[in-house]
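Analysis of the macromolecular model
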Number of protein chains: 2
Amino acid sequence: MAKVVALYKQPKDKEQFDEHYFNVHGPITAKIPGLREMKVTRFNKNVMTGGEPEHYLMCEMIYDSMEDLKNGMRSDEGKASGKDLMGFAGDLVTLMIGEEVE
Amino acid sequence: MAKVVALYKQPKDKEQFDEHYFNVHGPITAKIPGLREMKVTRFNKNVMTGGEPEHYLMCEMIYDSMEDLKNGMRSDEGKASGKDLMGFAGDLVTLMIGEEVE
C-alpha cells in the first residue's frame, strides 16, 4: 500500500479554505484513477503547546501500490488535481509520498 | 474517531532512530489503554522537490473517541510513552490531536 500525504498549514481564511477544499478540490481529486481511499484529518491541538497546531488539515490518498500511485499522479485527473491544489493552497501544502510500515 | 498524529522530522541517524522507534517506543506506546490502532507511514519523497521530505515518519494513534484519547494520554502508560518520546525524539517530533472528517 502506498499513499500521498498532503499536509496543509493553517490557512488565513479557514471558511474559504474549507469551501474550496471540500466542494472543489476533494471532488476533483476523487476522480484520480486507482485512488482507493481519501482520508481527511482535521487537527485541533498541538499536544506540546496546547494551542493551535502548525497544520490545519491532512489528506491521505491511498493506492494499492506505488505503481498505481505514480500512474494516478501522471493521469489527466492527477494533473488537474495538482493544478487546482497549487491554485488554492500552493503556499500552504506539503505533499509527500509514503508507504505504510507493516 | 480521534487520533494523535506524531510527525517526525528526518533524524540524523536513521538506523538508530528506527532501532529505538520500532523496538522500544512502539511497544511502550502500544500498551496505552484504549488505543485501537497504530499506523506508521514512512515518507520517501517530497512530491514538489523530488527530494528527501522534511518529515521521515508519521504515526497515527487511533482511538474510538476523544474521551478515550484523553484518558489514554493521561494514563501511566500514556505518560511513559510521552517520556520515552521526549527522550529519543523531543527535537524531531510534532504531536497533534485530530479527528477524521467523514
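Residues numbered from 1 in each chain as written. Chains lettered and ligands numbered in written order. Predicted model: local features only at pLDDT ≥ 70, side-chain atom pairs only at ≥ 80, totals over all residues. Heavy atoms only, no water.

The name given to chain A in an unreviewed UniProt entry is Ethyl tert-butyl ether degradation protein EthD, and the organism recorded there is Pseudobacillus wudalianchiensis.

**A short note on the UniProt feature "domain: EthD" (unreviewed entry) in chain A**
Sequence positions flagged by UniProt for "domain: EthD" (unreviewed entry) are, in local numbering, residues 9-89 of chain A. Measuring from the first to the last C-alpha atom of residues 9-89 of chain A gives 9 Å, for a span that is 49% helix and 27% strand. (UniProt positions renumbered as here; feature names shortened; annotations may be inferred. Helix = DSSP H or I, 4+ residues; strand = E, 2+ residues; numbered from the N terminus.)

**Description of the relation of the copies chain A and chain B**
For the pair chain A and chain B, the best superposition has an RMSD of 0.0 Å and corresponds to a rotation of 180° with a translation of 0.0 Å parallel to the axis. Those values place the two copies in the arrangement expected of a two-fold rotation axis. Distance from the rotation axis, computed per C-alpha, reaches its smallest value in chain A at L7 of chain A: 5.3 Å. Counting the interface residues of chain A, we find that 100% of their copies in chain B are interface residues as well, pointing to one common contact surface. (Least-squares fit on C-alpha atoms with pLDDT ≥ 70 in both. Contact = heavy atoms within 4.5 Å.)

**What about the pairing of strand 2 (residues 35-46) of chain B?**
Each regular strand shows side chains that alternate between the opposite faces of the sheet. Pairing of strand 4 (residues 93-101) of chain A with strand 2 of chain B, which is carried by six bridges, proceeds in the antiparallel orientation. Paired with E99 of chain A across the bridge in strand 2 of chain B is R42 of chain B. (Pairing = 2+ DSSP bridges.)

**Re the sheet that holds strand 2 of chain B**
Ordered by their spatial adjacency, eight strands build a closed barrel running 1(A)-3(A)-2(A)-4(B)-1(B)-3(B)-2(B)-4(A), and the pairing between neighbours is antiparallel. Taken over all neighbouring pairs, the strand axes of this sheet differ in orientation by 30° on average, direction set aside. Those strands touched by helix 1 (residues 14-30) of chain B are strand 4 of chain A together with strand 1 (2-9), strand 2 and strand 3 (55-63) of chain B, and its axis lies near 165° from that of strand 2 of chain B. Where helix 3 (residues 76-89) of chain B meets the sheet, its contacts fall on strand 1 and strand 4 (93-101) of chain B, and the angle it forms with strand 4 of chain B comes to roughly 130°. (Axes fitted to C-alpha atoms, helices over the stretch in contact; angles between N-to-C directions.)

**Quick notes on the packing of aromatic side chains**
Residues and elements named next belong to chain A. Under the definition given, this model contains 16 aromatic pairs over all chains. Taken together, a centroid distance of 5.5 Å and an interplanar angle of 45° make the contact between F17 and F88 tilted. Note that F17 is positioned in helix 1 (residues 14-30) and F88 in helix 3 (residues 76-89), a separation of 71 residues in sequence. Three or more aromatic residues link up through ring pairs in this structure, and these residues are Y8, F17, Y21, F22, Y56 and F88. (Phe/Tyr/Trp six-rings, centres within 6.5 Å; stacked < 30°, edge-to-face > 60°.)

**Looking at the interface of chain A and chain B**
Opposite the 30 residues of chain A that make contact, chain B presents 30 residues. Taking both sides of the interface into account, the surface hidden between chain A and chain B amounts to around 2600 Å²; carbon and sulfur atoms contribute 65%. When the area that chain A buries against chain B is broken down by residue, the three leading residues are M48, M96 and V101 of chain A, summing to 20%. Linking chain A to chain B there are two salt bridges. At the boundary of chain A and chain B, one finds 12 residue pairs in polar contact (both at pLDDT 80 or more). At the level of elements, strand 1 (2-9), strand 2 (35-46), strand 3 (55-63), helix 2 (66-74) and strand 4 of chain A are the ones that each hand at least two residues to the side of chain A that touches chain B. The element best represented in the side of chain A that touches chain B is strand 4 of chain A, accounting for nine residues. The residue inventory of the side of chain A that touches chain B, partitioned by class, reads 17 nonpolar, six polar and seven charged. (Buried area = accessible area lost by both parts, 1.4 Å probe. Salt bridge = Lys/Arg side-chain N within 4 Å of Asp/Glu carboxyl O. Polar contact = N/O pair within 3.5 Å; in protein donor to acceptor, adjacent residues only side chain to side chain. Nonpolar A, V, L, I, M, F, W, Y, C, P; charged D, E, K, R; others polar.)

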